[in-house]
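Listed below, chain by chain, are the residues.
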Amino acid sequence: MQVALINTNRMQPPVAPIALDYIAEALNTGGHEVKLLDLCWEDNPESAIKRFFGGSEFGLIGMTLRNTDDCAFTSRQSFLSGFVDLVKSVRENSGAPVVLGGVGFSVMPEEILSLSKADYGVWGEGEFVLPQLANRLSKKESHEDLPNLVWKRNGTWQRNPPSWNSPADLPAMSRKCVDNGRYFRMGGQAGFETKRGCSGACIYCADPVAKGKRVRLRPPAAVVNEIEQLIAQGIDVLHTCDGEFNIPGQHALEICREITRRGLGGRIRWYAYCSPIPFSRELAKEMRAAGCVGIDFGADHGDEAMLKRLGRDFSPADIRNATCRAKEEGMTVMLDLLFGSPGETREGIAKTVELVKQSDPHRAGVSLGVRVYPGTDLAKEVRSGECVAGLSGGKDLFDPLFFLEPRIAPFVFDWLNTLIGDDDRFLFFDPSKPKQNYNYNSNQRLVEAIQKGYRGAFWDILRTYR
Ligand code: B12
């Protein structure tokens, strides 16, 4: 069957739709032919859609929704109405069934299907179910039993139980469907994935909702084969696409050793999201030897009680140690902080800022106000009792829901100014502070830097760009 895949993510600077590279590979392996329409590069998406469907007939159309919104308390840009318009425009130009997927989509599949009036959704990973859906549709066989499929029966969406497959069963990834070279020139990095799923208990995080609660590992040889494919395309700056690269630590070590064994450590520079634990000296050394140049630790907070409240399993001392080890091995460090969740206090924020100053990472990103995703423990908690007062947004699906602890809301911006002043190690998730803004949505400073040749993790480009 001829399948159309459409990337709907038009945010600048661009991030390549790795999902469509992976899914295209699985469809090709399953005997289907794929054509990609990448709307990221189109000034006028409607006419691009018209042009694309003008010449070809498709049996199935897959559309990806990576970001429902920019997840930033200060800007709150939702992408859903734009996405709904694109589905409508596709419908007007083709009679083929439309299936939706993506990490953003998987957080609220039924709602997005109802809004967009698409035919199907795939909740979670797409490589296993999409080729089966294409097979069944081409043979006109029933498909209502397919795992992960969201489909309509008598006007009501049905979400089939997922099958969380082993990534070892994925095909070898050639990374040739998407124009990764162009994304590298315009976006400064390419992604690769080493595992799926997360068994963590962070109350705010949608990863277990969209990827499953069991960690499923990709074989190191397959990951490094894929890296080699990217290198062959001239791409040598990469970013991991895992929630946290070092969980589990042994797998991270094995990936690094495989990169080093193939002599690639000196040929690539890569960045990873990591947890402050486990982060042994051995892992730090192996990561650096394998070409890792920067780590963004999901530190969240510097107050022991708040870390517990957020469901994290490490301490402020672990954050200090991880920062120190990574720096000793020559890697650049960013600490990601999350302020304003339930129970936040003036003192907790002060302790966190103090911890950052003592640990002295290269950058610390301050995110204030927590995005409340459906299906998370935070979503359950804030709907009850006194937390309701801290909610804002959420009047409809186009209005992202956030929480900011009401006890600190009246003074928190001033308090942060007092504590941080003009310490330029701190970045803010806030477009109203362009020089310190690490919200990557329409970040013009970042776009400019990449055009001038800067490459790397976005926070590191922002750090070095003058
Ligand atoms: C790595 C990462 C980044 C890196 C990307 C680096 C790179 N070169 O790729 C950086 C730091 C740049 C980044 C930036 C941002 N990110 Co980010 N990022 C991630 C992360 C950790 C991995 C994303 C990824 O590539 N996964 C691997 C791919 C293979 O998985 P996938 O996209 O989910 O695709 C699978 C399925 O969803 C499905 N699927 C996907 N599409 C389709 C289509 C069809 C038809 C089907 C059937 C199935 C299907 O199959 C795919 C393969 O299994 C996720 C969290 C996570 N664990 O997913 C957050 C995440 C995607 N990011 C998020 C956000 C908000 C952002 C920013 C908007 C933040 C900001 N304001 O600056 C920007 C957006 C940048 C942009 N231009 O789009 C949110 C989105 C949440 C939401 N509901 O909208 C996430 C989920 C994190 C979170 N907060 O929970 N990010």
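Conventions adopted
- Residues numbered from 1 in each chain as written.
- Predicted model: local features only at pLDDT ≥ 70, side-chain atom pairs only at ≥ 80, totals over all residues.
- Helix = DSSP H or I, 4+ residues; strand = E, 2+ residues; numbered from the N terminus.
- Rg over C-alpha atoms; globule rule 2.2 N^0.38 Å.
- Buried ≥ 20, exposed ≤ 12 C-beta atoms within 10 Å, placed from the backbone.
- Contact = placed C-beta atoms within 7 Å.
- Domains from an automatic or database assignment.
- Nonpolar A, V, L, I, M, F, W, Y, C, P; charged D, E, K, R; others polar.
- Core = buried A, V, L, I, M, F, W, Y, C linked by C-beta atoms within 7 Å.
- Pairing = 2+ DSSP bridges.
- Right-handed = clockwise from strand over helix to strand, strands pointing away.
- Axes fitted to C-alpha atoms, helices over the stretch in contact; angles between N-to-C directions.
- Near = placed C-beta within 6 Å.
- Arc of directions from axis to C-beta.

Details of the overall build of the protein
At step 1: Scanning the protein for helices and strands turns up 18 helices and 19 strands.
At step 2: Computed over C-alpha atoms, the radius of gyration of the protein comes to 22 Å, within 12% of the 23 Å expected from 2.2 N^0.38 for 466 residues, which places it in the range of a compact globule.
At step 3: The C-alpha extent of the protein, read off along each of the three principal axes, is 65 × 55 × 40 Å.
At step 4: A buried classification covers 50% of the 466 residues belonging to the protein.
At step 5: Partitioning the contacts of the protein with sequence separation of at least 6, the portion at a separation of at least 24 is 73%.

Notes on the domain arrangement of the protein
At step 1: What the domain assignment lists for the protein is domain 1 (2-159) and domain 2 (179-464).
At step 2: Taken over C-alpha atoms, the centre of domain 1 sits 27 Å from the centre of domain 2.
At step 3: Of all the secondary-structure elements, those providing two or more residues to the side of domain 1 that touches domain 2 are helix H3 (80-93), helix H4 (103-107) and helix H5 (109-116).
At step 4: With 3 residues, H4 is the single largest residue contributor to the side of domain 1 that touches domain 2.
At step 5: A breakdown of the residues in the side of domain 1 that touches domain 2 according to their chemical character gives 14 nonpolar, 8 polar and 6 charged.

Considerations on the nonpolar core
At step 1: Counting residues in each nonpolar core, the largest one holds 139 residues, and the members touching the most others are Ile23, Ile61, Leu100, Leu335 and Val366.
At step 2: With 8 residues, helix H1 (residues 18-29) is the largest single contributor of residues to this core.
At step 3: Residue contacts for Leu335: discarding those within four places in its chain leaves Phe297, Ala299, Ile319, Thr323, Val356, Pro361 and Ala364.

What about the pairing of strand E2 (residues 33-38)?
At step 1: Both strand E1 (residues 2-7) and E2 contribute to a ladder of 6 bridges, which runs parallel. From the neighbouring strand, Val3 faces E2, where its bridge partner is Val34.
At step 2: Handedness of the β-α-β unit built from E1, H1 and E2 comes out right-handed.

Focus on the sheet that holds strand E8 (residues 190-192)
At step 1: The sheet built from 7 strands is open, its strands ordered E8-E11-E12-E13-E14-E15-E19 with parallel pairing. Edge positions in the sheet fall to E8 and strand E19 (426-428), since each of these pairs with one other strand and no more. Taking each pair of neighbouring strands and ignoring which way they run, the sheet shows an average axis angle of 25°.
At step 2: Summarising the sheet, E8 and strand E11 (residues 237-240) pair through 3 bridges and their orientation is parallel. In the sheet register, Ala190 faces E11, and the bridge partner there is Leu238.

Digging into the site of the ligand
At step 1: In the region of the ligand, 45 residues are neighbours, and Ala19, Gly62, Gly101, Gly126 and Gly191 sit closest.
At step 2: Those elements that provide at least two residues to the shell around the ligand are H1, strand E3 (60-64), strand E4 (98-101), H4, E8 and helix H8 (207-211).
At step 3: A domain split of the shell around the ligand shows at least three residues from each of domain 1 (2-159) and domain 2 (179-464).

Examining H5
Residues lying three or four places apart along an α-helix face the same way, a consequence of the helix completing one turn every 3.6 residues.
At step 1: Residues of H5 that are buried include every one of Pro109, Ile112, Leu113 and Ser116, and no others. All buried residues of H5 project into a common sector of 100° when viewed along the axis, lining one side.
At step 2: Where H5 is buried, its residues contact H3, E4, H4, strand E5 (120-122), strand E6 (149-153) and strand E7 (156-159).
At step 3: One or two residues past the end of H5 sits Lys117, with phi positive at roughly 60°.

Let's talk about the sheet that holds E3
At step 1: Read across the open sheet, the 7 strands follow the order E2-E1-E3-E4-E5-E6-E7; overall the sheet is mixed. Here the strands that pair on one side only, and so sit at the sheet edges, are E2 and E7. Taking the axes of each pair of neighbouring strands and ignoring which way they run, one obtains an average angle of 25° across the sheet.

So, the environment of Asp236
At step 1: As for its position among the elements, Asp236 is in the loop between helix H9 (220-232) and E11.
At step 2: Residues Asp236 and Ala201, spaced 35 residues apart in sequence, show a C-alpha to C-alpha distance of 34 Å.

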